[in-house]
Amino acid sequence: AKFFDILDRTGRSEHARLLATHILCMCQDVINSKAWKYELSRGCSFYTNLNTVEIVCGLDALADGIRIALAIDDGQMAALLQRNARNAICFIQWMQDQVPFNSPAGYGGLGYGGVRVLEQRLDVTGHAI
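Residues numbered from 1 in each chain as written. Predicted model: local features only at pLDDT ≥ 70, side-chain atom pairs only at ≥ 80, totals over all residues. Heavy atoms only, no water.

(A) Up close: the overall build of the protein chain. Secondary structure assignment for the protein chain yields six helices and zero strands. In sequence order, the secondary structure elements of the protein chain are arranged as α-α-α-α-α-α. Within the protein chain, residue pairs in contact and separated by at least 24 positions form 53% of the contacts whose partners lie at least 6 positions apart. On the protein chain, roughly 8000 Å² of surface is accessible, and the fraction owed to carbon and sulfur atoms is 56%. (Helix = DSSP H or I, 4+ residues; strand = E, 2+ residues; numbered from the N terminus. Contact = heavy atoms within 4.5 Å. Areas by Shrake-Rupley, 256 points an atom, 1.4 Å probe, with all protein chains shown as cover.)

(B) Main features of the packing of helix α2 (residues 13-31) against helix α5 (residues 75-96). α5 packs onto α2 with a crossing angle of 40° between their chain directions and a minimal axis gap of 11 Å. In this view, α2 runs oblique relative to α5, as classed from their interaxial angle. Every pair of crossing elements has a handedness; the one defined by α2 and α5 is left-handed. Residue-level inspection shows Leu-24, Cys-27, Gln-28 and Ile-31 of α2 in contact with α5, the latter providing Met-77, Leu-80, Leu-81 and Asn-84. Of the residues contributing to the contact of α2 with α5, the split by class is six nonpolar, two polar and no charged. (Axes fitted to C-alpha atoms, helices over the stretch in contact; angles between N-to-C directions. Parallel < 35°, antiparallel > 145°, perpendicular 65-115°, else oblique. Left-handed = near helix turned anticlockwise from the far one by under 90°. Nonpolar A, V, L, I, M, F, W, Y, C, P; charged D, E, K, R; others polar.)

(C) The packing of helix α1 (residues 2-9) against α2, seen in detail. Packing of α1 against α2 brings their axes to within 7 Å, and their N-to-C directions diverge by 155°. Put simply, α1 runs roughly antiparallel to α2. The way α1 lies across α2 gives a crossing that is left-handed. Two secondary-structure elements touch here, α1 through Phe-3, Phe-4, Leu-7 and Asp-8 and α2 through Ser-13, His-15, Ala-16, Leu-19 and Ala-20.

(D) Local environment of the state of the cysteines. Applying the stated criterion to the full structure yields zero disulfides. Cys-27 takes part in no disulfide bond, and the closest cysteine sulfur, belonging to Cys-25, lies 9.3 Å away. Cys-90 takes part in no disulfide bond, and the closest cysteine sulfur, belonging to Cys-44, lies 7.6 Å away. Overall, Cys-90 belongs to the partly exposed group, its relative accessible area being 45%. (Disulfide = S-S within 2.5 Å. Buried < 20%, exposed > 50% of the residue type's maximum accessible area, 1.4 Å probe, protein only.)

Dropping the structure here:
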């Protein structure tokens, strides 16, 4: 999305438009994937089938797509991407809440490494549970 901004600001509107089309097409591929279309959109009962990494990376792409859709005044695409982004955020919150608050390790779901690792990184294993 930063490259889109640079192209747009420097008067390369044709290149910016082509880049926007490409990015929005990739976002459409994300939300049309099996995980996003048939599992994430169906809610909590399907969350255990999802890979955390796939959803988090897809959400990152959608954030750029939303910004670009708004920049080119494509309100319909922005609304579609925003709805899917909200679904992803609900999943991420659910996933992080699967480890109890009083757990000695792992609370929050996205741990950190170091000399002594006391928790499993859910983002590395790619699974919510």
